[in-house]
Amino acid sequence: MAGFTVAIVGRPNVGKSTLFNRLLEQRKAIVDDQSGVTRDRQYGIADWNGKTFNVIDTGGFVSNSDDVFEREIRKQAKVAIEEANLIIFMCDVTTGITDLDSDVADILRRASKPVLLVVNKVDNSQRQLEATEFYSLGFEHIFFLSSMSGSGTGELLDEVVNYITPEMGEATVNSDLPKIAIIGQPNVGKSSLLNALIGVERNIVSDIAGTTRDTIHTHYNMFQKDFMLIDTAGIRRKAKVQEDLEFYSVIRAIKAVDESDVVMLLLDAEKGITAQDLSIFSLAARKGKGVVILVNKWDLMEKGTNTARDYEKELKQRLAPFSDVPIIFTSVTEKQRIFKAIETALEVYDNRLRRIQTSVLNEIMLKAIESYHPPVVRGVPIRIKYVTQIPTHTPAFAFFCNLPDDVKTPYRNYLENQIRSNFNFKGVPVKIFFRKK
């Protein structure tokens, strides 16, 4: 990671994500009273006194646990410690020093990185007195604060920026990078795909649905292109969303679709496309996002001569009328065609930005209109005189005619098909408007 990096570590439920959100001045990480809410490493950029730095939020550290998530969280926290230039070790004054705090302290003493000990929830004079016991952990720099109210965070930030030297560079976020969101139902292999692509265990993977809770942004470079990959929580039907945590995860996944330019929709090959997958697909299309469909776990399918062709044909029938979408058969565990998926997503990104010259557009589309005229309405023929591309984020075309309100869906579909057959808008929703000439 470019720039100075700070990792926030500690045992579960001491307020790490609350501090992370406060440093970023946005509610990026999910916060709940239940322990173990944060699982994957979350990244963000903070700014203080004109200096910017990366911040990593980690899951609560539990040593020697056999729980699948706690074991993985421990691994994620250790990676964060390796990536960081400075560590904020967070404790909770209301519980005092616990065995877990002592275990984390032992690990941090061996990390050979500067450590700032932060005692959280110190919001009155009584707690200020109680917090003095944390000096016994033996760290030189100790701060008493309340991440909920923000008191004491200024002094902490002053100390953090003291460690930033000019040669470390600025932590920056390039908002112009293509953003590719990986979405789909729970347990189709979204986090496994991200891990396979970047070659490290960036996200926790398990067979338990709902493992990923936050949306996870990862800066990536491939094919001489920089882009952002966004892993999301699985989106499932409202009736199946039981807990508040999952509700917030789903909201963030939908927000990730808003942020993205291209959506990679993962399907489970054995289950096929479900009604829920179709609703995720139509959500992305309605928002004007590019779409690539990945049929994952293809290695588990029994295959005949034309299995892939028949599967693709059936999929496109279900996706109609917007069926001009790339479909790639992948196996994340076997790393089959996962890089082709990214290459295709970047092509779809370029298609979404495509602009057609008005002269070229009119030359081709007026010929298509001439060969198949619009229908006659109330004895008056519809005459389309001119077409132009509208300067919008997603491809949109305006056809100028005498009776714009009378052009029906079948002819609109014909015009869209002509645009698609003459220009490459594969994977991108195309909008068509009729205006009065």
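Here is a short report on the structure shown in this document. Model, not experiment: these values are computed from the prediction. (Residues numbered from 1 in each chain as written. Predicted model: local features only at pLDDT ≥ 70, side-chain atom pairs only at ≥ 80, totals over all residues. Heavy atoms only, no water.)

### A few points about the overall build of the protein
Helix and strand content of the protein: twelve helices and 17 strands. Taking all 437 residues of the protein together, 54% fall into the buried category. Carbon and sulfur atoms provide 49% of the accessible area of the protein, an area that totals close to 20500 Å². (Helix = DSSP H or I, 4+ residues; strand = E, 2+ residues; numbered from the N terminus. Buried < 20%, exposed > 50% of the residue type's maximum accessible area, 1.4 Å probe, protein only. Areas by Shrake-Rupley, 256 points an atom, 1.4 Å probe, with all protein chains shown as cover.)

### Thoughts on the environment of valine 118
One can find valine 118 in strand E5 (residues 115-120). Valine 118 gets classed as buried once you look at its relative accessible area, which sits at 0%. Each C-alpha atom of the pair valine 118 and serine 147 lies 9.9 Å from the other, and the pair is 29 residues apart in sequence. Dropping the residues within four chain positions of it, valine 118 is found in contact with Ile88, Phe89, Met90, Cys91, Phe143, Leu145 and Leu156. (Contact = heavy atoms within 4.5 Å.)

### A few points about the pairing of strand E16 (residues 396-401)
Burial of E16 is extensive: six of the six residues sit out of reach of the surface. Every second residue of E16 is oriented toward a common face, with Ala396, Ala398 and Phe400 on one face and Phe397, Phe399 and Cys401 on the other, all of them buried. By the bridge criterion, five bridges tie strand E15 (residues 384-389) to E16 in an arrangement that is antiparallel. Paired with valine 387 across the two strands is phenylalanine 399, which belongs to E16. Where E15 hands over to E16, the hairpin turn is made up of six residues, counted between the paired strands. Sheet topology note: the E16/strand E17 (residues 431-436) ladder contains six bridges and is parallel. Across the sheet, phenylalanine 397 pairs through a bridge with isoleucine 432, a residue of E17. (Pairing = 2+ DSSP bridges.)

### Describing the side chain of arginine 420
When you line up the elements, arginine 420 lands in helix H12 (residues 409-422). Among the polar contacts listed, one links the side chain of arginine 420 to the backbone oxygen of valine 428, at a separation of 2.6 Å. If near-sequence neighbours (up to four positions away) are discounted, arginine 420 is found in contact with Phe322, Asp324, Phe425, Lys426, Val428, Pro429 and Val430. (Polar contact = N/O pair within 3.5 Å; in protein donor to acceptor, adjacent residues only side chain to side chain.)

### Brief notes about unusual backbone geometry
The amide bond that connects alanine 320 to the next residue, proline 321, takes the cis arrangement and shows omega of 5°. Take proline 321: it is sitting in the loop between helix H9 (307-319) and strand E12 (327-329). At asparagine 49, a residue that is not glycine, the phi angle is positive and equals roughly 50°.

### A closer look at the environment of tryptophan 298
Topologically, tryptophan 298 is positioned in the loop between strand E11 (290-296) and H9. Placed 29 residues apart in sequence, tryptophan 298 and alanine 269 show a C-alpha to C-alpha distance of 5.7 Å. Not counting residues within four places of it along the chain, the set of residues in contact with tryptophan 298 comprises Ala269, Lys303, Thr307, Ala308, Tyr311, Phe329, Thr330 and Arg337.

### Details of the sheet that holds E17
With respect to topology, three strands assemble into an open sheet ordered E15-E16-E17, the strand pairing being mixed. Two strands close off the open sheet at either side, each with one partner strand: E15 and E17. Sheet twist, expressed as the mean angle between neighbouring strand axes with direction ignored, is 25°. This element, helix H11 (residues 358-371), spans E15 and E16 of the sheet and lies at about 140° to E15. Strands in contact with H12 are E15, E16 and E17; relative to E17, the strand with the most contacts, it is inclined by about 120°. (Axes fitted to C-alpha atoms, helices over the stretch in contact; angles between N-to-C directions.)

### Concerning the packing of aromatic side chains
Counted by the stated rule, this structure contains twelve aromatic pairs. With a centroid separation of 5.3 Å and 85° between ring planes, the pair formed by tryptophan 298 and tyrosine 311 is classed as edge-to-face. Of this pair, tryptophan 298 sits in the loop between E11 and H9 while tyrosine 311 is found in helix H9, placing the two residues 13 residues apart along the sequence. For the pair formed by tryptophan 298 and tyrosine 311, the shared burial category is buried. Centroid distance tyrosine 411 to tyrosine 414: 5.4 Å. Interplanar angle 40°. Geometry classified as tilted. Separated by three residues within a single helix, tyrosine 411 and tyrosine 414 lie in helix H12, roughly one turn from each other. For the pair shown, tyrosine 411 and tyrosine 414 are each scored as buried. Joined through ring pairs, the aromatic side chains of Trp298, Tyr311 and Phe329 make up one cluster. (Phe/Tyr/Trp six-rings, centres within 6.5 Å; stacked < 30°, edge-to-face > 60°.)

### Considerations on H12
The end-to-end C-alpha separation of H12 is 20 Å, in line with the 20 Å expected for 14 residues at 1.5 Å each. Among all positions in H12, only Tyr411, Tyr414, Leu415, Glu416, Ile419 and Arg420 are buried. Packed against the buried residues of H12 are H11, E15, E16 and E17. (Expected span 1.5 Å × (residues − 1).)

### Quick word on the pattern of salt bridges
In the structure shown here, the tally under the stated rule is twelve salt bridges. What you see here is one network of salt bridges that share partners, running through Asp324, Glu416, Arg420 and Lys426. (Salt bridge = Lys/Arg side-chain N within 4 Å of Asp/Glu carboxyl O.)

### Some remarks on the nonpolar core
Judged by nonpolar contacts, the single largest core of 25 residues is most densely connected at Phe281, Ile293, Val295 and Leu315. The set of elements that each furnish at least two residues to this core consists of strand E7 (179-184), strand E10 (262-268), helix H8 (275-286), E11, H9 and E12. A total of five residues in this core trace back to one element, the largest contributor, which is H8. Apart from the residues lying within four places of it in its own chain, the contact partners of phenylalanine 281 are Leu265, Val291, Ile293, Leu319, Phe322 and Val325. Core analysis: the second largest hydrophobic core is formed by 24 residues, Leu193, Ile328, Ile338 and Ala345 among them. (Core = buried A, V, L, I, M, F, W, Y, C linked by side-chain atoms within 4.5 Å.)

Structural measurements only, silent on function.
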